[in-house]
Amino acid sequence: MSTSLSRQQLLNIADEYGTPVYVYHAEKITEQYQKLKTAFAAAPTRIFYACKALTNINILKHINSLGCQVDCSSINEVKLALHAGFEPKNILYTSNGIAFSEIEEAVSLGVNINIDSLSNLGKFGKKYGHSYPVGIRLRPNIMAGGNLKISTGHEKSKFGIPIEQIDQVLELVKTNQIHIAGLHIHTGSEIKDVDVFMKVGDIFAELVPRFPEVRFLDFGGGFKVPYKENETGTDVPLLGQKVAELINQLTATHQRNFEAWFEPGKFIVSECGYFITEVNVLKESGKIRFAGVNSGFNHLIRPMFYDSYHHIENISHPEGPLKNYTITGNICETDTFATDRPIAEIREGDKLVFYNAGAYGYEMGSNYNSRYKPAQVLVKEGKAFLVARRDEFTDLLRNQVEVL
Ligand SMILES: *Cc1c(COP(=O)(O)O)cnc(C)c1O
């Protein structure tokens with residue numbers, strides 16, 4: 001049984017708060033986190049929600065209340081997590097390409113840190129020596145993930161310290177007595193194949209003897225969730241079982257306690273989210289039937305940026321006959337959400353809902369074309385709460401300095 005919001009609940013929210021609107025379902029987040037807890041029960045494991053997927057402060061508070069921890073990709077996300085009530089020890093800052101000053105700030109805030117360059121590792125060693133345990137983010141030269149844009153572990157990727165430079169890492173560690181407490185590898189997003197994670201596990205197993213203070217092995221995030229009907233996501237129970245075998249074996253072999261760390265973003269929040277739009281115009285041209293909605297890649301860029309599939313439903317007229325539609329937005333730019341997609345007959349004014357809109361939806365939004373960012377609504381225990389208001393005109397001028 002899967003937790004979801006009904007069409008009627010979504011229609012009621014659209015009526016009350018207007019469109020376009022993002023809707024999140026707290027209980028679905030809980031359900032996803034529980035799946036992870038169950039899957040990873042057989043060995044010491046920490047789950048850090050990769051909050052760049054969705055940072056609304058109420059979502060962060062809900063996730064904190066579940067006992068889940070948080071992974072941040074910028075110092076501002078670290079500050080949002082602290083604001084939401086996460087304790088520093090439950091916050092992880094996995095950096096990439098950042099100024100050393102952000103690492104200094106993260107140290108002063110007392111959070112866990114993964115460092116992703118030799119340059120910053122050297123600076124870290126000089127300043128902190130052995131006094132602050134730290135993780136290193138490695139690039140394993142593995143190609144994996146939904147597509148190249150979301151693949152981070154391959155040999156041309158900017159992420160992490162290339163694995164072939166491990167001797168230089170060890171040199172820096174030795175010179176500065178750096179306390180390397182963890183190894184981190186995040187190979188990308190939408191990784192369905194459990195073997196990709198286990199290849200990472202093999203690399204960890206090889207490296208562990210060279211890092212006697214390592215205690216955590218961080219496999220990153222990237223669990224796939226189903227976007228289409230009949231699609232399957234990452235087999236998380238299987239992954240949990242295999243990772244537990246590895247952790248328990250390493251613990252026995254090396255006589256020290258290891259923990260597995262994970263940083264899922266999409267897995268935790270993708271399916272909790274619904275994006276509701278309204279159809280402005282219908283237009284027919286040859287065989288193409290366009291339905292133009294009151295949104296665009298300014299609100300949901302994944303279809304255009306990653307060629308992602310989002311299931312779309314006409315919740316105003318679900319019993320209508322199926323016809324093929326090309327769903328586009330109102331932005332002066334090609335912003336096609338779906339091409340020739342069978343959807344229940346659409347009339348102008350109908351509400352279309354995009355599923356799996358919780359992760360990287362609102363978060364990657366912008367004010368392009370001087371359009372407003374949408375409202376966000378959270379449903380918890382059957383009640384709907386406005387958790388971010390829709391932009392208004394003054395928001396478009398807020399940071400502008402009028403000098404003329
Ligand atoms: C984005 C990111 C994640 C989360 O990826 P998902 O595909 O959302 O699970 C985890 N770790 C790091 C370092 C990331 O950059």
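Residues numbered from 1 in each chain as written. Predicted model: local features only at pLDDT ≥ 70, side-chain atom pairs only at ≥ 80, totals over all residues. Heavy atoms only, no water.

(A) The site of the ligand, seen in detail. Residues in contact with the ligand amount to 14 residues; listed here are only the nearest, Lys52, Ser189, Gly222, Glu263 and Tyr360. Contact between the ligand and Ser189: an oxygen atom at 2.3 Å from a side-chain N or O atom of the residue. Between the ligand and Glu263, the relevant distance is 2.6 Å, taken from a nitrogen atom to a side-chain nitrogen or oxygen of the residue. For the ligand, whose free accessible area comes to 390 Å², the fraction covered by protein is 93%. A per-class count over the shell around the ligand returns three nonpolar, six polar and five charged. (Near = heavy atom within 4 Å. Polar contact = N/O pair within 3.5 Å; in protein donor to acceptor, adjacent residues only side chain to side chain. Areas by Shrake-Rupley, 256 points an atom, 1.4 Å probe, with all protein chains shown as cover. Nonpolar A, V, L, I, M, F, W, Y, C, P; charged D, E, K, R; others polar.)

(B) Quick look at the nonpolar core. Formed by 104 residues in total, the largest nonpolar core has its most connected members in Tyr49, Val269 and Ile327. No other element matches the eight residues that helix α8 (residues 194-207) contributes to this core. For this core, the domains that each give at least three residues are domain 1 (40-264) and domain 2 (270-397). When residues no more than four places from it in sequence are discounted, the contact partners of Val269 are Ile29, Tyr49, Ala53, Leu54, Ile59, Ile63, Gly358 and Ala359. Formed by 15 residues, the second largest nonpolar core is a distinct cluster that contains Ile13, Ala14, Val21 and Tyr274. (Core = buried A, V, L, I, M, F, W, Y, C linked by side-chain atoms within 4.5 Å. Buried < 20%, exposed > 50% of the residue type's maximum accessible area, 1.4 Å probe, protein only. Helix = DSSP H or I, 4+ residues; strand = E, 2+ residues; numbered from the N terminus. Domains from an automatic or database assignment. Contact = heavy atoms within 4.5 Å.)

(C) Looking closely at the pattern of salt bridges. In the structure shown here, the tally under the stated rule is 17 salt bridges. One salt bridge in this structure joins Lys127 and Glu104, with 2.8 Å as the shortest N-O distance. Of the two residues, Lys127 is situated in helix α6 (residues 118-128) and Glu104 in helix α5 (residues 100-109); the sequence distance between them amounts to 23 residues. The exposure class assigned to Glu104 is partly exposed, which follows from its relative accessible area of 27%. Across the pair Glu284 and Arg289 runs a salt bridge, and its minimum N-O distance is 3.7 Å. (Salt bridge = Lys/Arg side-chain N within 4 Å of Asp/Glu carboxyl O.)

(D) Fine view of the domain arrangement of the chain. Once the domains are mapped, the chain shows domain 1 (40-264) and domain 2 (270-397). Using only C-alpha atoms to locate each centre, domain 1 and domain 2 end up separated by 33 Å. Each side of the interface is counted separately: domain 1 has 16 residues, and domain 2 has 18 residues. Between domain 1 and domain 2 we count one salt bridge in total. Arg302 is the salt-bridge partner of Glu190, the closest N and O atoms lying 3.2 Å from each other. Between the two partners, domain 1 and domain 2, sit seven residue pairs in polar contact (both at pLDDT 80 or more). For the side of domain 1 that touches domain 2, the residue count by class is seven nonpolar, five polar and four charged.

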